[in-house]
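Overview (structure and organization)
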Amino acid sequence: MASIKAPVAEFNGIVGGVQFANGTAETDNQAVINYCKGAGYTVEVEPSGPFDPSKHNVGEVRAYVEGLDDSDPEARDAEFTRVVEAEKAGKNRSSLIESWEGVPAKTEEQTPAE
C-alpha cells in the first residue's frame, strides 16, 4: 500500500482511478504509484511483507523469482526456497513447481497415504 500526497494539498479528484481527498490517497496500483512518483507527488510505500505467491498470477510469480538479486547468492537461494515452499503450501500450481523442480508436482491424489 502506498500513501500519496498531491503537489496541491487541496486537490480533490481522481488520478488513474484513485480518488484523492484533500490532496491525499492510498493505493496498491503500481501504475498509479509510478505515475505519481514521476509527476512530483510524494509517495510513501509501506512495507508489504514477504512476497506471497498465492496473491499473484503465474506470470507475476515467475517475474518475481527471475528478478531476485543475484549479488548475494545465498540470500537469493533462501528467498527462492521460501517462495517455492510458500507456493507448495498455497496454490501448488504445477506449472510453477514443475518448472522449478523439473518433475511433475505431486497432488493430494498422488501422495501416498500414511
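What you see as residue numbers is a count from 1 along each chain, following the sequence as written. Note on the predicted model: pLDDT of at least 70 is required for a residue's local features to be given, and 80 or more for side-chain atom pairs to be given and counted; whole-chain, interface and lining totals, by contrast, use all residues. With hydrogens and water set aside, each side-chain value is computed from the structure's full complement of heavy atoms.

The way it works is that DSSP assigns letters per residue, a run of H or I at least four long becomes a helix, a run of E at least two long becomes a strand, and they are numbered from the N terminus. The secondary structure content of the protein amounts to four helices and five strands. Listed N to C, the secondary structure of the protein is β-β-β-β-α-β-α-α-α in terms of helices and strands. Counted over contacts in the protein with a minimum sequence separation of 6, partners at least 24 positions apart contribute 41%. Per-residue accessibility takes into account occlusion by the displayed protein chains alone, with areas from the Shrake-Rupley method and a 1.4 Å probe. As presented, the protein carries roughly 7700 Å² of accessible surface, and 51% of it is formed by carbon and sulfur atoms. The contact rule is simple, with two residues in contact once any of their heavy atoms fall within 4.5 Å.

Two strands qualify as a pair provided that DSSP identifies no fewer than 2 bridges between them. If you walk across this open sheet you meet the three strands as 4-1-5, and the pairing is antiparallel. Each edge of the sheet is formed by a strand with only one pairing partner; in this case those strands are strand 4 (24-27) and strand 5 (42-45). On average, adjacent strands in this sheet sit at an angle of 20° to one another, irrespective of strand direction. The pairing of strand 1 (residues 2-5) with strand 5 spans four bridges and is antiparallel. Within the sheet, the bridge partner assigned to lysine 5 lies in strand 5 and is threonine 42. For every element, the axis is a line fit to its C-alpha atoms; helices are fit only across the contacting stretch, and the angle between N-to-C directions ranges from 0 to 180 degrees. The strands touched by helix 1 (residues 30-38) within the sheet are strand 1, strand 4 and strand 5, with strand 1 carrying the most contacts at an inclination of about 35°.

A few words on the pattern of salt bridges. Side chains that differ in charge, positive against negative, can pair when their charged atoms come close. Whenever a carboxyl oxygen of Asp or Glu lies within 4 Å of a side-chain nitrogen of Lys or Arg, that contact is scored as a salt bridge. With the rule as written, the count across this model stands at six salt bridges. Across the pair aspartate 70 and arginine 76 runs a salt bridge whose closest N-O atoms are separated by 3.0 Å. To sort residues, take the accessible area from a 1.4 Å probe on protein chains only and compare it with the maximum for the residue type: under 20% means buried, over 50% means exposed, and anything in between is partly exposed. The exposure class of aspartate 70 is exposed, given its relative accessible area of 55%. One salt bridge in this structure joins arginine 76 and aspartate 77, with 4.0 Å as the shortest N-O distance. Put simply, Asp70, Arg76 and Asp77 are held in one network by salt bridges that share partners.

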